Amino acid sequence: MMRKKSISASKASLVLFLCQMISALEVPLDSKLLEELSQPPTITQQSPKDYIVDPRENIVIQCEAKGKPPPSFSWTRNGTHFDIDKDAQVTMKPNSGTLVINIMNGGKAEAYEGVYQCTARNERGAAISNNIVIRPSRSPLWTKEKLEPNQVREGDSLVLHCRPPVGLPPPIIFWMDNAFQRLPQSERVSQGLNGDLYFSNVQPEDTREDYICYARFNHTQTIQQKQPISVKVFSTKPVTERQPVLLTPTGSTSTKVELRGNVLLLECIAAGLPTPVIRWIKEGGELPANRTFFENFKKTLKIIDVSEADSGNYKCIARNILGSAHHVISVTVKAAPYWITAPRNLVLSPGEDGTLICRANGNPKPNISWLANGVPIAIAPEDPSRKVDGDTIIFSHVQERSSAVYQCNASNEYGYLLANAFVNVLAEPPRILTSANKLYQVISDSPALLDCAYFGSPKPEIEWFKGVKGSILRGNEYIFHDNGTLEIPVAQKDSTGTYTCVARNELGKIQNEVQLEVKDPTMIIKQPEYKVVQRYGQVSFECIIKHDSTLLPAVIWLKDNDELPDDERFLVGKDNLTIMNVTDRDDGTYTCIVNTTLDSVSASAVLTVVAAPPTPAIIYARPNPPFDLELTGQLERSVELSWIPGDENNSPITNFVIEYEDGLHEPGVWHYQTEVPGTQTTVQLKLSPYVNYSFRVIAVNEIGRSQPSEPSEQYLTKSANPDENPSNVQGIGSEPDNLVITWESLKGFQSNGPGLQYKVSWRQKDVDDEWTSVIVANVSKYIVSGTPTFVPYEIKVQALNDLGYAPEPSEVIGHSGEDLPMVAPGNVQVHVVNSTLAKVHWDPVPLKTVRGHLQGYKVYYWKVQSLSRRSRRHVEKKILTFRGNKTFGMLPGLEPYSSYKLNVRVVNGKGEGPASPDKVFKTPEGVPSSPSFLKITNPTLDSLTLEWGSPTHPNGVLTSYILKFQPINNTHELGPLVEIRIPANESSLILKNLNYSTRYKFYFNAQTSVGSGSQITEEAVTIMDEVQPLYPRIRNVTTAAAETYANISWEYEGPDHANFYVEYGVAGSKEDWKKEIVNGSRSFFVLKGLTPGTAYKVRVGAEGLSGFRSSEDVFETGPAMASRQVDIATQGWFIGLMCAVALLILILLIVCFIRRNKGGKYPVKEKEDAHADPEIQPMKEDDGTFGEYSDAEDHKPLKKGSRTPSDRTVKKEDSDDSLVDYGEGVNGQFNEDGSFIGQYSGKKEKEPAEGNESSEAPSPVNAMNSFV
């Protein structure tokens, strides 16, 4: 007897279709089938019915639909056709019905308020969307009102009204004070649902003038504020206690209507003293469990997901010690329409019958109406196969023209539901969707399920046959499922074979064959057994299996149902588990699990570990070598090797290593073949053709490796075609007109036979060309000449020997040689972001002009001149590389108030293309660096003279200087701060009317129109009785910082042989100062190991002088600088120039020595004043004339006048004439011992009458020291 049944839930994974339609015809989810079948439109996405939009943003009204053929879209607005072509602000997305109304480009959201409906239509019908009501959100301002102060007697109740403006959607209300802190709420003071603030009784602490109600409109992210309300509580003694009175709701009863599924909120707030407590009950019933919550200190009853059963009377009771008050709220739950049975799509065959059912409920009962293709069914075109019966449409004997989309509308006074459901009449011959010749494998005595997923209209009949000419399958041994699947409940070995599925209907017939293989079950024929082993001994569990020869088993061992410990003592063999050196932790249950792709079996055994008896001392040694090697079962590609282990010498053998010798290709060289556990004495070895094998075995234990065994007999395998092709095949051109094909050659034993060669083939990709091939000797490269520049080629390399070819190789893609790019990027634009950063844009070059792999773009940029001083002598180009096909980049680290040029070049693997035309841009002004120095001289009883140098980097036009100063008393406390603004053209100032014998601290900085730069500080003391300032003192502390170190220098006035120390720390940190001792009496020191880009504070002190140290200075280490094009320090002309300078200095020293030996003196300064020698005098910075050598007393390292930028970091751009211009980054500025800065960064001030400064020349002696 034939049986039919549906597939159970446990077999749902075998079902290849989804039942979406209530009909006899089901469409499987097969992508190819769905693409071919015609289908009426279906709305897949639409905007919500009540759509509140942000009036500041574009309005997007969604309408997406699918169908075959793809549907077209149209819209109505307020019931009439909406012609979007006549409104420039409205567009429809391509292949979509979604409307985009452009508000951000001049449109007004209010002009597009209304009711919108979308229609999606194709030749099989029309689907419509819901009515989408578009309303822009509103957040109106609070109406202005005059609020009188509230004067309340202590203990009375009070209500502060919020009355927020009416917004869309309604705002969220909260109360805060002037400090934007939420007002605390409690059982006594709380906010009602209407936003008012209720006081059950007021207390004196409620007095305040800043009760402020805020309304937050979430849709527009705006907050409106009501004017502050003032409350003043006055006390009367005694305070009268009062019984509860309800503030809201008023009266004894009220009503509330809520819709089904919504959240019901009921509120009771009471006045009284003491503060009343609120309790809720439902008359004649219980509050619903799991859906009832109390909020706002139990003043609010919240019931979620309400239903008609929640209708009834709810009583709130307010109670204190003096009495109670109550209020009854009568709740009625109404319901907008909701579905009982929504109409579902119907797919029918010609001549079939069907029904569409639309059932909805609500309170009141909703009205059901039907539409056909968006038109009321009463006025829609007639269809003789259709009959409307209330909430049901009955279809009889349908034809293809009966296809349409029907809409069911269920509505009452609280809302409506709209559902689209299509009727699709299809006439399709049978199709079988299961893959042809699909292979099914099952274990014997288990069920077999053979699929035959199908589709056709009318629904095809399914029959199954076994074998090519077998008869139709019938009987109790088979089960035929409705989806076409054939089930064999108990498959046997004789069930193996070919099965044919036939599907037929009145339009045709089709068949498909599938294969069934029934495998032997996997069994454990020798299971692991219970073991007792002594501690530190060895134990082995066996797990010998029998399985189907076509299945590959995987054996897994578990300990106590978990993975084995990650311990090399556990050795897993082919059919056993061995545990070496057993410990107490190894106690437990061991399970052997055998898995195949079709089944799984397992077996377990327990291991017990006991203490070992005392044993005499054991001598451990390496094992003896194995012996008696024997080869058996010789085949073309395998052989079995067996051996007898040697003595293990009291240390168990852990594994055997098998090595082989190829006497044909590499005689005398032994190679690693494999290794096996120490319990195994045979191994099946895989062999390669055309190799003369010899084998040897090495035993290994914990002590070490044995000597190799004697070699086995030789075994020469037969030659064969190569099994594999060369690897790592590549095609990369070395010249624009060639293609270099390379590969990794096969090893000797991989050749599989004599006469190894390679067949190299290539053809141009995407061109209908034949393969070009050449056979080459055993090499690894072939060059194809005369190729076009940078075109793709398909390449393959195949190995062959005297017996034939290797398998067909896979193809790889290579490219012929690259050439330099042909064109420069165009439309280069520069956007200056700020004074130190610019953004550059360019158009990408056409890929065909790149002539190679596009690696990116390089931006060359360089400073042309500073807009605040003369041009630089040495133009240094910087390069930034942007990888990939980027069309913009950022240029960091620019100097403010400067003129720059840049160009852009495209880069491929060959190099750079031509540069774009130079683009000029200018950076705006920035804040200046600190003044170059601040010098305080001529102290008197009541005055000090200040002299300063202009900033090294003005970064714009200086507008003024700001001087601030304040006195310091003996306890280092600071007095009042005085500020003076000084014109930018001044370089000195006499401060008068100061206190005598008083120390002052000065803060000095420059300003541009952008703002103030960093300041420098100095301290000075007015004298007492015209006596010179007290010694000692340390002044003019100067820092010059690089990335990871900084040079600190200072001037010292006081007793000789002072021992200095430097203290430093991170600026702004409260950590203790770090201290470094200065060796000798040097006046400079190098701080190392600093963090790049970090601000530090520093000061200098003298040992032995209590509390005596300099004022603090602040500097910042520099970031890594952009790479330079040329390392000038390695250029020949630079080295020659330095040698010439050294020679001149040496000559001067010799002349000086001769003059001194003759008893004369050598007044260098006077000689140079009279006879200026242009060969040895330094250039002035400003006018190019020659300066002076300094006196010996003026030669001091790195004064305040040195060119130090505002961030205390010496950069290459900081000095127009210094050697920094020729260095490589920041590290080229000075040696770490400070000598370079001491000689080339120092400045010397001119006499006051000259009005500016000149460069200080290097001392000959120190200059020589710096080169030695």
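So, here's what we can say about the structure. The structure presented is a predicted model; accordingly, all values stated were derived computationally and were not measured.

Scanning the chain from terminus to terminus reveals six helices and 95 strands. In the chain, which comprises 1268 residues, the share counted as buried stands at 44%. Taking all contacts inside the chain whose residues are at least 6 apart in sequence as the whole, residues at least 24 apart take part in 66%. Of the roughly 64,500 Å² that the chain leaves accessible, carbon and sulfur atoms contribute 50%.

With the rule as written, the count across this model stands at six disulfides. Numbered by position along the chain, the disulfide-linked cysteines of the chain connect as 1-2, 3-4, 5-6, 7-8, 9-10, 11-12.

Note on sheets: strands pair through backbone hydrogen bonds, and any given pair is parallel or antiparallel. Spatially, the five strands line up as an open sheet ordered E49-E57-E56-E52-E53, and their pairing is mixed. The open sheet is flanked by strand E49 (531-534) and strand E53 (562-563), the only strands paired with a single partner. The pairing of strand E52 (residues 554-559) with E53 spans two bridges and is classified as antiparallel. Counted as the bridge partner of Lys 559 is Asp 562 from E53.

This part is about the nonpolar core. One finds Ile 59, Ile 61, Trp 75, Ile 101, Tyr 116 and Ile 134 to be the most contacted residues of the largest nonpolar core, which totals 30 residues. Elements with a minimum of two residues in this core: strand E3 (50-53), strand E4 (59-61), strand E5 (63-68), strand E6 (72-77), strand E9 (99-101), strand E10 (114-122) and strand E12 (132-136). In terms of residue count, the dominant contributor to this core is E10 (three residues). When neighbours within four sequence positions are excluded, Ile 61 is seen to be in contact with Ser 47, Tyr 51, Trp 75, Gly 97, Thr 98, Leu 99, Ile 101, Tyr 116, Ile 132 and Ile 134.

A contiguous nonpolar surface patch, about 770 Å² in accessible area, is contributed by Leu 1143, Leu 1144, Leu 1146, Ile 1147, Leu 1149, Ile 1150, Val 1151, Phe 1153 and Ile 1154. Following the sequence through the fold, Leu 1143 ends up in helix H3 (residues 1132-1157).

Below, the discussion takes up the sheet that holds strand E89 (residues 1060-1066). A sheet is described by the order of its strands in space; here four strands give the open sequence E90-E89-E92-E93, paired in antiparallel fashion. Only two strands of the sheet have a single neighbouring strand rather than two, namely strand E90 (1074-1077) and strand E93 (1113-1116). With strand direction ignored, the average angle separating the axes of adjacent strands in the sheet is 30°. Two strands pair when backbone bridges link them, and E89 and strand E92 (residues 1095-1102) are joined in this way by seven bridges, in the antiparallel orientation. Paired with Val 1066 across the bridge in E92 is Tyr 1096.

Right, let's get into the environment of Pro 623. Mapped onto the elements, Pro 623 comes out in the loop between strand E57 (600-610) and strand E58 (627-632). For Pro 623, a relative accessible area of 4% gives the class buried. Pro 623 has contacts with Asp 647, Glu 648, Asn 649, Ile 653, Ala 699, Val 700, Asn 701, Gly 704 and Ser 706, leaving out every residue within four places of it along the chain.

What counts, and at which threshold
Residues numbered from 1 in each chain as written. Predicted model: local features only at pLDDT ≥ 70, side-chain atom pairs only at ≥ 80, totals over all residues. Heavy atoms only, no water. Helix = DSSP H or I, 4+ residues; strand = E, 2+ residues; numbered from the N terminus. Buried < 20%, exposed > 50% of the residue type's maximum accessible area, 1.4 Å probe, protein only. Contact = heavy atoms within 4.5 Å. Areas by Shrake-Rupley, 256 points an atom, 1.4 Å probe, with all protein chains shown as cover. Disulfide = S-S within 2.5 Å. Pairing = 2+ DSSP bridges. Core = buried A, V, L, I, M, F, W, Y, C linked by side-chain atoms within 4.5 Å. Patch = residues over 30% accessible without salt bridge, like charges linked within 9 Å, V, L, I, M, F, W, Y side chains within 5 Å. Salt bridge = Lys/Arg side-chain N within 4 Å of Asp/Glu carboxyl O. Axes fitted to C-alpha atoms, helices over the stretch in contact; angles between N-to-C directions.

So far we have only geometry, and geometry alone does not tell us how the molecule works.
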